Amino acid sequence: MRLSPQLPAHALAFLVLAPLASAQIGTSGARNQFSLGPGCVANAGFETGDVSGWNLVDFGVPFVPAGVAPAGFDPGFGLFTSAPTEGSFSFIHGFDADGPSVLTLSQEIAVDPLVTPFTFDWRAGWEMDGFPGSTLNRTFDVVVRDASTSAELERTNILTAGAGTAVDDTGQNRGVVDLAPFVGQTILLSLEWTVPESFTGPGFFELDNVACPLVGGPIGVNYCSPGNSNSTGESARISAFGSPVVAMNAISLVAEGLPAGSFGFFLASRDRGFVFNPGGSLGILCLGGEVGRYDLPGQILNAGPSGTITLPLDLTMTPQPTGFVPVVAGESWNFQGWYRDSFSGSAVSNLSDGTTVSFF
């Protein structure tokens, strides 16, 4: 490691602390090629405890060495502590260095047409207001490169940390990059952090929950499960399929386990709830606040012999009591199925469990 006699106090402080941190952090420089599957990249959540499957090139002299850490890693200087959003580990680094320097974390992937949105959780903090020489911005970009030549094909800026500013904690954010233009190609997907100046204030960055949601695959998180049993002895179950990327407008709802030949439709709300036997129904209403009904012509569906109903949604026209509203990136919506049922020979209604879809 090259040490400069001009290293500022915040960098020297970490050099003293580094032996304590290294016991918690795993690193690897392996470079491998992986086919794009439901998880998009290998070791997407860093749950191996290191960066196996990724190609990591750290800053030349980093404030905090890049690696994988559990919850509670503290870089000091009032910056946030690590808190993985998926599993027990996340990728972290100091976001400050003896620059100019670039940190890269990359993998080669074959872009499948069903898996094109590249998503991840990120969080950052920096203190560039109290240190001299901070005149240039630090950046975090997702770069698509040619797998053979490493030539840049596309760059998406995710974060620009302004020179001379201080943000101790951005909070958790969701990053999205559309890989659709590269379907059928093998690309080098490179996450790149640029520090253009030398030690102009401590920083910290955390990355986790890397994924490529499967277009056509299941999305959403079920809750309020199981629903009340119906006349078949089963509980109706709801599922959401498609992509949570609002711009793609590609999502369908499915309710299964309904009585054969029964009619049903779907409900939507931004809020969850828990109401027993609403309107005399046998089920539990798992929605709260303003509840909209997909009950336009063609949206009231017959379950047929399979006991299943399916509805493609138009995210620009989500029903609410006051009219239609668009789903907006960053929102979470809750959905539930309502259907006809029978009890002791009498016609009643029932409800499936609920599912929550977080859109971006």
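Residues numbered from 1 in each chain as written. Predicted model: local features only at pLDDT ≥ 70, side-chain atom pairs only at ≥ 80, totals over all residues. Heavy atoms only, no water.

Peer 1: When you look at the overall build of the protein chain in this model, what are you seeing that I'm missing?
Peer 2: Along the backbone of the protein chain there are one helix and 26 strands. Within the protein chain, the proportion of its 360 residues that are buried is 52%. The contacts in the protein chain between residues at least 6 apart in sequence include a share of 75% that link residues at least 24 apart. When the accessible surface of the protein chain is split by element, carbon and sulfur atoms take 56% of a total near 14700 Å². (Helix = DSSP H or I, 4+ residues; strand = E, 2+ residues; numbered from the N terminus. Buried < 20%, exposed > 50% of the residue type's maximum accessible area, 1.4 Å probe, protein only. Contact = heavy atoms within 4.5 Å. Areas by Shrake-Rupley, 256 points an atom, 1.4 Å probe, with all protein chains shown as cover.)

Peer 1: Teacher, can you tell me more about the state of the cysteines here?
Peer 2: Think of a disulfide as a covalent bridge from one cysteine sulfur atom to another cysteine sulfur atom. Applying the stated criterion to the full structure yields one disulfide. The partner cysteine of C224 in its disulfide is C286, sulfur to sulfur 2.0 Å. When the S-S torsion is -70 degrees, as for the bridge of C224 with C286, the disulfide is left-handed. Highlighted residues: C224 in the loop between β14 (221-223) and β15 (237-242) and C286 in strand β19 (residues 284-288), separated in sequence by 62 residues. (Disulfide = S-S within 2.5 Å.)

Peer 1: How should the confidence of the model for the protein chain be read in this particular structure?
Peer 2: Interpretation of the predicted coordinates at a detailed level should be avoided for regions scoring low in pLDDT. Here the protein chain shows a mean pLDDT of 86. Residues at 70 or above account for 87%. Looking over the protein chain, one finds the lowest element-wise mean pLDDT in strand β1 (residues 33-35), namely 34, and the highest in strand β2 (residues 55-57), namely 98. In the predicted structure, residues 1-6 sits below a pLDDT of 50 and forms six contacts with residues beyond four places in sequence or in another chain. (pLDDT = per-residue confidence, 0-100.)

Peer 1: When you look at the pairing of β19 in this model, what are you seeing that I'm missing?
Peer 2: It is a general feature of regular strands that their side chains alternate between the two faces of the sheet. Extensive coverage of β19 is indicated by the burial of five of its five residues. By the bridge criterion, four bridges tie strand β18 (residues 271-276) to β19 in an arrangement that is antiparallel. Bridge pairing links V275 to L285 in β19. (Pairing = 2+ DSSP bridges.)

Peer 1: What am I meant to see in the pairing of strand β17 (residues 263-269) here?
Peer 2: Extensive coverage of β17 is indicated by the burial of six of its seven residues. With two bridges joining them, β17 and strand β21 (residues 301-302) adopt antiparallel strand pairing. Residue F263 lies in a different strand from β21, and its bridge partner there is N302. As paired strands, β17 and strand β25 (residues 332-343) are joined by six bridges and run antiparallel to one another.

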